[in-house]
Amino acid sequence: MMLLDPRIFCAIDTDDLDRALQLVRGIAPVTGGVKLGMEFFNSHGPQGVDKVIHEAPEAALFIDLKFHDIPNTVAGAIRTLSKRFRPTYINVHASGGLDMMKAAKDACDPGVKLLAVTMLTSLDERCLHDIGYQEGLSDRVAQMALLAQEAGAAGVVCSSHEIQTLRATCGPEFVLMVPGIRPLEAERNDQKRVMTPQRAIELGASHLVIGRPITQADNPAEAAKALLNSF
Ligand code: C5P
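Engineer: Help me understand the overall build of the chain in this model?
Structural biologist: From N to C terminus, the chain includes 10 helices and eight strands. Expressed as lengths along the three principal axes of its C-alpha atoms, the size of the chain is roughly 45 × 40 × 30 Å. When the 231 residues of the chain are sorted by exposure, 53% land in the buried category. Expressed as a percentage of contacts within the chain between residues at least 6 apart in sequence, the contacts between residues at least 24 apart total 67%. For the chain, the exposed surface amounts to about 10,600 Å²; the carbon and sulfur share of it is 50%.

As structure tokens, this is what we get:
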């Protein structure tokens, strides 16, 4: 894949390889970015990623496997994927700590950018309290984003509700990769907090992760074009 940096990464979340490849063929020339996550990787493995790259050699790839382990192990995983696929983005959990994020960053091939997941958007204040976190969610997210920045990460994956705070905290160059995007706020699927692409970009998102609004449209390529033209 090419080390490009397009605005939209389309989430290809399916365990059906033929469907994934068909989607990538139609969408990648429009969005320029493709995101492969745990469902795809655990269904089709590195060979599946090879096939996606073969289908769309010009597209930028975001490998979204959210690693969280000791620094040496995470570095090994990042090094292997980074050398083999040259993704534009790859990610880890910020809660793995500064040393882990630094090791991950050092293991990235030149041009491969590290992102950190701060707090999963599925966790609310109550869930955080249950696992022993005392501070509020937004303070915690900002603290973790700063730690990711200190480790040399290019940016974070964050919810649309954190865009403004993190843009102010981490500066204009920091990548804010934002999922939970819906062309109409009414169509949310299982996402609890959604935002339109225009609003997310206005608030300071640098990149959008968009899955179902594109992949489940009657014509995914047209849906992707409409989204790109909306901001
Ligand atoms: O289909 P949809 O647009 O909701 O897809 C969003 C994508 O972003 C999915 O691949 C999902 O796993 C991912 N994601 C998310 N929320 C996060 C991190 C990643 O929705 N906090």
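So that's the structure; there's more coming.
Engineer: Is there a simple way to explain helix α10 (residues 220-228) in this structure?
Structural biologist: Note: α-helices contain 3.6 residues per turn, so residues at a spacing of three or four share the same orientation. Buried residues of α10: P220, A221, A223, A224 and L227, and no others. Seen from one end, α10 has its buried residues packed into an arc of 160°, which puts them on one side.

Engineer: Mind showing me how you'd approach the layout of surface pockets here?
Structural biologist: Left-over empty space is what a probe sized like a water molecule reveals as it rolls over the atoms. There is about 930 Å³ of room inside the largest pocket. Secondary-structure elements contributing two or more residues to the lining of the largest pocket are α1 (17-31), β2 (33-37), β3 (60-67), β8 (207-210) and α9 (212-215). For the lining of the largest pocket, the leading source of residues is β3, giving three residues. Of the residues that constitute the lining of the largest pocket, the class distribution is 14 nonpolar, 11 polar and 10 charged.

Engineer: Looking at this structure, how should I read a negative patch on the surface?
Structural biologist: Together, D13, D15, D16, D18 and E39 give the surface a local cluster of negative charge. Within the fold, D13 resides in the loop between β1 (8-11) and α1.

Engineer: Quick question: what am I supposed to make of the packing of aromatic side chains here?
Structural biologist: Aromatic ring pairs: the centre-centre distance and the angle between the two ring planes describe each pair. In total, this model carries three aromatic pairs according to the counting rule given. Judged by centre distance (6.1 Å) and plane angle (85°), the ring pair of F9 and F62 falls under edge-to-face. Of this pair, F9 sits in strand β1 while F62 is found in strand β3, placing the two residues 53 residues apart along the sequence. Residue classification places F9 among the buried positions, given a relative accessible area of 0%. Judged by centre distance (5.6 Å) and plane angle (80°), the ring pair of F9 and Y89 falls under edge-to-face. On the criterion of sequence distance, the pair formed by F9 in strand β1 and Y89 in strand β4 (residues 89-93) is long-range, its members being 80 residues apart. Counting every residue linked through ring pairs, the aromatic cluster contains F9, F62 and Y89.

Engineer: Would you take a moment to explain the site of the ligand for this structure?
Structural biologist: Looking at the ligand, there are 13 residues lining it, with D13, T121, R182, G211 and R212 nearest. Between the ligand and G211 there is a distance of 2.8 Å, counted from an oxygen atom to a backbone nitrogen or oxygen. Between an oxygen atom of the ligand and a side-chain N or O atom of R212, the distance comes to 2.7 Å. Here the ligand loses 84% of its free accessible area of 470 Å² to cover by the protein chains. Spatially, the ligand is embedded in the largest pocket. The class makeup of the residues in the shell around the ligand is five nonpolar, three polar and five charged.

Rules used throughout
- Residues numbered from 1 in each chain as written.
- Predicted model: local features only at pLDDT ≥ 70, side-chain atom pairs only at ≥ 80, totals over all residues.
- Heavy atoms only, no water.
- Helix = DSSP H or I, 4+ residues; strand = E, 2+ residues; numbered from the N terminus.
- Buried < 20%, exposed > 50% of the residue type's maximum accessible area, 1.4 Å probe, protein only.
- Contact = heavy atoms within 4.5 Å.
- Areas by Shrake-Rupley, 256 points an atom, 1.4 Å probe, with all protein chains shown as cover.
- Arc of directions from axis to C-beta.
- 1 Å grid on protein atoms, 1.4 Å probe; cavity = no way out; pocket = protein on both sides within 12 Å on 5 of 7 lines; lining within 4 Å.
- Points joined across faces, edges and corners; volume = space filled by probe spheres on them.
- Nonpolar A, V, L, I, M, F, W, Y, C, P; charged D, E, K, R; others polar.
- Patch = residues over 30% accessible without salt bridge, like charges linked within 9 Å, V, L, I, M, F, W, Y side chains within 5 Å.
- Salt bridge = Lys/Arg side-chain N within 4 Å of Asp/Glu carboxyl O.
- Lys, Arg positive; Asp, Glu negative; His and termini not counted.
- Charge placed at Lys NZ, Arg CZ, Asp CG, Glu CD.
- Phe/Tyr/Trp six-rings, centres within 6.5 Å; stacked < 30°, edge-to-face > 60°.
- Near = heavy atom within 4 Å.
- Polar contact = N/O pair within 3.5 Å; in protein donor to acceptor, adjacent residues only side chain to side chain.
- Sits in = over half its atoms within 2 Å of the grid points.

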